[in-house]
Amino acid sequence: MNYFNAGTVLLFSLFATFGRAQSDTTNTKSYADQIMVRVNLDTNIESYVFTQGKEENAEQTVLSINNKTKTSVSIDYKIISATLSFAPKFFKDNDDDALKGNSSYTEFSFRFFPKRFIQNVYYKNVRGFYIENMNDHFPNWQEGKDPHIQFPDLRVQSFGGTTSYILNKNFSARTIYTQGEWQKKSSGSWVPFLDYDLTIFRNKIDDIKTKEFQYKIGGNIGYFYNWVIGKNVNISPYLAIGLGGKFSSYRNIENGNSKETAQYMTIRMEGGLHVGYNTDRFLFGGRMNFNAYAYEQTKNQTIENNNLYGLLYIGYRFAPPRVVKDTYDKVQKKIPVL
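Model, not experiment: these values are computed from the prediction. (Residues numbered from 1 in each chain as written. Predicted model: local features only at pLDDT ≥ 70, side-chain atom pairs only at ≥ 80, totals over all residues. Heavy atoms only, no water.)

(A) Looking closely at unusual backbone geometry. Although it is not a glycine, Lys115 adopts a positive phi angle of roughly 55°. Its place among the elements puts Lys115 in the loop between β7 (104–112) and β8 (117–131). Accessibility expressed as a relative area gives 59% for Lys115, which makes it exposed. In this structure, Gln179 takes a positive phi of about 60° despite not being glycine. Using a relative accessible area of 4% as the deciding quantity, one classes Gln179 as buried. (Helix = DSSP H or I, 4+ residues; strand = E, 2+ residues; numbered from the N terminus. Buried < 20%, exposed > 50% of the residue type's maximum accessible area, 1.4 Å probe, protein only.)

Below you can see the structure in the form of structure tokens.
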């Protein structure tokens, strides 16, 4: 069996089932019939902040990965966008293994745009963390000379997604997310969305392997605005907040390796600013995003997962190869569309 061909048919089936690509309207210009390839470069700061104690005497431990620059390649066609992200070692900020240890980062994501819905699914694999704020725990520690405390076997895998709905039919989310469309007139929209994921933490302490499963789901509301300047430039800020729940299951080594479960309420905030330049063939731009997520594990202990990054991208659109277009058309004829 040819797994590549089978996978291609499956992907085409998925987005053919979700719906037909949007054509040009009064407010948007669609590039759905073009293949678009984008190369992205961003500073990915993946960190977990553990806060212990009351506010006056609180102590923080910041766990980070030794990969500060990430590269990703995206391919868009019709209503699907696929992205592969990784952290190459040839960037200077990703190769300080002697002091911070070795880290790896890989992420696959797919984003679908059926009508006014946005469906995103992803898989992320991160391994190798170190304590970033060493001076807070060891006053005599010297930056750039002394090594950080490292957790080379700490691995975090996440499987998740988001489901969003655009309330304003005149607002083009694809203009901001993937540049698969171009919005002709300035417009904004409230966007309610659900976020959900399964995260698996694995570590090895004194040759003893540990594993924890965390499930979370949250309801969010955000406002997105697309300010169109002339024919080729747009500026798009957004801000979203949400509440949710987290459910964890883990083995307590200190208590005879017994299985324990817990539930927490979560708070989430994210936002960003996108600036882009677009033509029918070439496009480029940049983004600055933040994502803050926190929950209270015990009365005096809070855990945060923070993500702050800037992104630069450049892309090119071209007509699809005939085999791609013919395969899509055949699948769409056989599968009823919404």
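There is more to say after this.
(B) Main features of the pairing of strand β12 (residues 208–229). The sheet contact formed by strand β11 (residues 187–205) and β12 spans 19 bridges and is antiparallel. Bridging from a neighbouring strand, Phe193 pairs with Asn220 of β12. Following β11, the chain reverses through two residues before pairing antiparallel with β12; Asp206 in that reversal takes a positive phi of roughly 50°. (Pairing = 2+ DSSP bridges.)

(C) Here's a closer look at the pairing of β8. The sheet contact formed by strand β4 (residues 59–65) and β8 spans three bridges and is antiparallel. Note that in β8 the partner of Leu63 across the bridge is Ile131. Relative to β8, β7 runs antiparallel, the two sharing nine bridges. Bridge pairing in β8 links Arg111 to Asn120. Between the end of β7 and the start of β8, which pair antiparallel, lie four residues, with Lys115 showing a positive phi angle near 55°.

(D) Here's a closer look at the side chain of Asn27. With respect to the helices and strands, Asn27 occurs in the loop between α1 (3–18) and β1 (28–30). Apart from the residues lying within four places of it in its own chain, the contact partners of Asn27 are Asn170, Trp182, Gln183, Lys184 and Lys185. (Contact = heavy atoms within 4.5 Å.)

(E) Region of the structure containing the nonpolar core. Counting 13 residues, the largest nonpolar core has Tyr48, Leu63, Ile65, Tyr105, Val126, Phe129 and Val156 as its most contacted members. For this core, the elements supplying multiple residues, two or more each, are β4, β8 and β9 (150–165). In terms of residue count, the dominant contributor to this core is β8 (three residues). In this structure, Phe113, Ile118, Ile176 and Tyr238 belong to the second largest nonpolar core, which totals nine residues. (Core = buried A, V, L, I, M, F, W, Y, C linked by side-chain atoms within 4.5 Å.)

(F) Structural view of the packing of aromatic side chains. The full count for this structure, using the stated rule, is eight aromatic pairs. Measuring from ring centre to ring centre gives 4.7 Å for Phe224 and Tyr238, while their planes differ by 5°; the resulting arrangement is stacked. On the criterion of sequence distance, the pair formed by Phe224 in strand β12 and Tyr238 in strand β13 (residues 233–252) is long-range, its members being 14 residues apart. Judged by its relative accessible area of 6%, Phe224 falls in the buried class. (Phe/Tyr/Trp six-rings, centres within 6.5 Å; stacked < 30°, edge-to-face > 60°.)

(G) Representation of the pattern of salt bridges. One pass over the structure, following the stated rule, counts nine salt bridges. Across the salt bridge formed by Lys70 and Asp42, the nearest N and O atoms sit 4.0 Å from each other. Placement of the pair is Lys70 in strand β5 (residues 70–77) and Asp42 in strand β2 (residues 35–42), with a sequence separation of 28 residues. Overall, Lys70 belongs to the buried group, its relative accessible area being 10%. Note on Asp42: relative accessible area 3%, which makes it buried. For Arg322, the salt bridge goes to Asp326, with nearest N and O atoms at 3.6 Å. Of this pair, Arg322 and Asp326 both sit in helix α5 (residues 322–334), four residues apart, roughly one helical turn. Under the relative-accessibility criterion, Asp326 is labelled partly exposed at 28%. Members of the salt-bridge network, linked through shared partners, are Asp42, Lys70 and Glu107. (Salt bridge = Lys/Arg side-chain N within 4 Å of Asp/Glu carboxyl O.)

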